[in-house]
Amino acid sequence: CPALCECSEAARTVKCVNGNLTAVPPDLPSYVRDLSITGNRLVLLPAGAFPARRLPDLGALDLSANHLRAVEAGAFAALPALRRLDLSANPLVSLSPQAFGEGGSPLEELALRGALQDHGVLLSVAAMLRSGALRNLSRLELAGNGLLPLPSAALTALLGLRQLDLGDSALVGLQNVSWQPRSLNLSAGSLGSLRNGSLGALHRRPLRPLGLGLNAWLCDCTADDLVAWLRDSEQLEGRDALPCTHPDKATGRALPKVNGSELNCSESVELPSQLQTSYVFLGIVLALIGAIFLLVLYLNRKGIKKWMHNIRDACRDHMEGYHYRYEINADPRLTNLSSNSDV
């Protein structure tokens with residue numbers, strides 16, 4: 001058994017927890033099936049991190065909370081029996097799409113809870129899923145990453161996906177999705193309402209269970225279809241635990257129990273945060289344009305002043321000509337004098 005680790009040959013487990021390890025121990029026993037290396041300081045998982053042909057039966061690997069930032073190509077290539085992998089709670093910046101080798105992996109469960117905060121590593125994971133390297137995945141945990149766009153294109157290659165966890169994300173709908181899991185978790189997110197497109201997607205894919213709890217539900221006229229769906233659907237567990245947060249008269253009440261007369265938009269409804277952000281951004285842009293315009297006017301103030309003076313002089317000369325002609329036309333003596341002069 002490696003130093004700083006606990007081993008059980010009978011249970012075929014090895015646990016290296018909170019040992020300040022900076023690398024995977026090279027002398028792991030070959031009998032291990034369940035390996036847990038958590039709470040350490042691995043930082044980097046290089047190619048060949050696990051000795052080739054040394055761990056033929058390793059099926060479950062837990063590498064969560066290790067301060068892991070980079071996983072290089074081939075890091076898991078020497079684990080032919082790997083079925084479950086947990087990389088949660090690691091501040092990943094780089095995860096190679098070839099981390100499991102060129103021929104794919106038999107991996108069935110992958111946990112990345114809170115590990116995809118960096119946009120670049122999210123794109124790498126999406127590329128890995130699209131490539132089919134993890135085509136055998138049946139469970140995928142992406143909770144706690146604040147996902148705004150649903151990586152639906154990346155999930156189309158996961159034909160065997162059964163469980164998908166997207167909790168604690170920023171998703172606002174489920175339109176235009178093509179994945180087909182059997183269970184879906186969308187709790188503790190940014191869902192305020194589900195419209196016809198999202199409800200249609202859920203209707204086409206009966207999900208059990210379906211988690212929608214801990215979302216700030218908007219109980220106004222936009223929730224008509226959602227309330228009707230909740231009352232008729234049998235796929236949602238804990239439907240009575242979906243409390244309304246707006247308007248005030250419905251706050252705290254379970255969404256399926258709100259009366260139709262209460263679902264009205266006569267009261268002002270607070271704008272969604274995304275719309276508020278858009279208005280703020282528009283205001284900043286308009287203010288910037290106004291500042292640039294004033295700056296241009298200030299820099300060209302002399303030319304503008306000269307131009308205004310020229311216009312004023314031209315208008316004054318024009319008006320003086322009109323005034324002179326008016327005086328001539330008004331005085332008959334000047335009119336005759338003007339006529340004789342013309343002759």
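These figures come from a predicted structure and were not determined experimentally. (Residues numbered from 1 in each chain as written. Predicted model: local features only at pLDDT ≥ 70, side-chain atom pairs only at ≥ 80, totals over all residues. Heavy atoms only, no water.)

Caption draft 1: Structural context of the state of the cysteines. In total, this model carries two disulfides according to the counting rule given. What pairs with C1 in a disulfide is C7, and their sulfur atoms sit 2.0 Å apart. Taking the sign of the S-S torsion, 80 degrees for the link of C1 and C7, the bridge is right-handed. By relative accessible area, C1 is classed as exposed at 62%. Shown here is the disulfide that connects C5 with C16, its sulfur atoms set 2.0 Å apart. On the sign convention where negative means left-handed, the S-S torsion of about 105 degrees between C5 and C16 marks this disulfide as right-handed. In this pair, C5 is assigned in the segment before β1 (6-8) and C16 in strand β2 (residues 13-17), connecting sequence segments eleven residues apart. Judged by relative accessible area, C16 falls into the buried class, the value being 0%. (Disulfide = S-S within 2.5 Å. Buried < 20%, exposed > 50% of the residue type's maximum accessible area, 1.4 Å probe, protein only. Helix = DSSP H or I, 4+ residues; strand = E, 2+ residues; numbered from the N terminus.)

Caption draft 2: A look at helix α4 (residues 224-232). All of the buried residues in α4 are L226, V227, W229 and L230. Along the axis of α4, the buried positions cluster into a sector of 165 degrees, meaning they face one direction only. (Arc of directions from axis to C-beta.)

Caption draft 3: Molecular detail of the pattern of salt bridges. If you walk through the whole model with that rule in mind, you get seven salt bridges. Of the charged contacts, one joins R113 and D86 as a salt bridge, the two residues approaching to 3.5 Å between their closest N and O atoms. Of this pair, R113 sits in the loop between β9 (109-111) and α1 (119-131) while D86 sits in strand β7 (residues 84-86), placing them 27 residues apart in sequence. Assessed through its relative accessible area of 15%, D86 is described here as buried. (Salt bridge = Lys/Arg side-chain N within 4 Å of Asp/Glu carboxyl O.)

Caption draft 4: Representation of the sheet that holds β9 in the model. The strand order across the open sheet formed by ten strands is β1-β2-β3-β5-β7-β9-β10-β11-β12-β13, and the pairing between neighbours is mixed. In this open sheet, the two strands that pair with only one neighbour each are β1 and β13 (210-211). For strand β10 (residues 139-141) and strand β11 (residues 163-165), the ladder comprises three bridges, and the chain directions are parallel. Paired with E141 across the strands is D165, a residue of β11. (Pairing = 2+ DSSP bridges.)

Caption draft 5: Geometry of the side chain of T13. Counting through the fold element by element, T13 comes out in strand β2. Beyond its immediate sequence surroundings of up to four residues, T13 is in contact with E6, C7, S8, Y31, V32 and D34. (Contact = heavy atoms within 4.5 Å.)

Caption draft 6: Layout of the environment of K257. In this fold, K257 is placed in the loop between β15 (244-246) and α5 (273-299). You can call K257 exposed: its relative accessible area is 52%. K257 sits 15 residues away from L242 along the chain, and the two C-alpha atoms are 9.9 Å apart.

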